[in-house]
Amino acid sequence: MIILANIFAYKKIQMFIRMSIYIVLGIVVLVVRHYNKKKTRKRMDEKTEYMMKHTKKDKNGKYPWEI
């Protein structure tokens with residue numbers, strides 16, 4: 001009986017350690033994704049502003065993709 005109790009206790013500790021690692025890694029992934037999402041969005045906004053500034057408009061004041 002004592003051997004069985006030790007096996008269950010060991011398995012629960014092992015499961016707790018695994019779950020802790022998964023949770024920590026999941027939080028790290030979410031933080032990194034959020035940071036990169038903001039950075040990418042800012043870069044896209046800057047490139048769009050540059051493109052709009054340097055694209056010629058037609059005689060009606062519209063861009064080539066505005067039909």
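Nothing here was measured: the structure is a model prediction, and the numbers come from that model.

**Here we look at the overall build of the protein chain**
Counting its secondary structure elements, the protein chain contains 1 helix and 0 strands. Against the 2.2 N^0.38 benchmark of 11 Å for 67 residues, the protein chain shows a C-alpha radius of gyration of 27 Å, more extended than a compact globule. Each principal axis of the C-alpha distribution contributes one length, and for the protein chain these read about 90 × 20 × 10 Å. Per-residue burial over the protein chain gives 1% buried out of 67 residues. Side chains of the protein chain give 16 positive and 5 negative charges; the mean places of these two sets differ by 15 Å.

**Some words on the pattern of salt bridges**
A full pass over the atoms with the stated rule returns 1 salt bridge. The closest approach of N and O atoms between R41 and D45, which form a salt bridge, is 3.6 Å. On the criterion of helical spacing, the pair formed by R41 and D45 is a turn pair, its members being 4 residues apart in helix α1 (residues 2-54). Overall, D45 belongs to the partly exposed group, its relative accessible area being 39%.

What counts, and at which threshold
- Residues numbered from 1 in each chain as written.
- Predicted model: local features only at pLDDT ≥ 70, side-chain atom pairs only at ≥ 80, totals over all residues.
- Heavy atoms only, no water.
- Helix = DSSP H or I, 4+ residues; strand = E, 2+ residues; numbered from the N terminus.
- Rg over C-alpha atoms; globule rule 2.2 N^0.38 Å.
- Buried < 20%, exposed > 50% of the residue type's maximum accessible area, 1.4 Å probe, protein only.
- Lys, Arg positive; Asp, Glu negative; His and termini not counted.
- Charge placed at Lys NZ, Arg CZ, Asp CG, Glu CD.
- Salt bridge = Lys/Arg side-chain N within 4 Å of Asp/Glu carboxyl O.

All quantities given are derived from atomic positions and should not be read as evidence of function.
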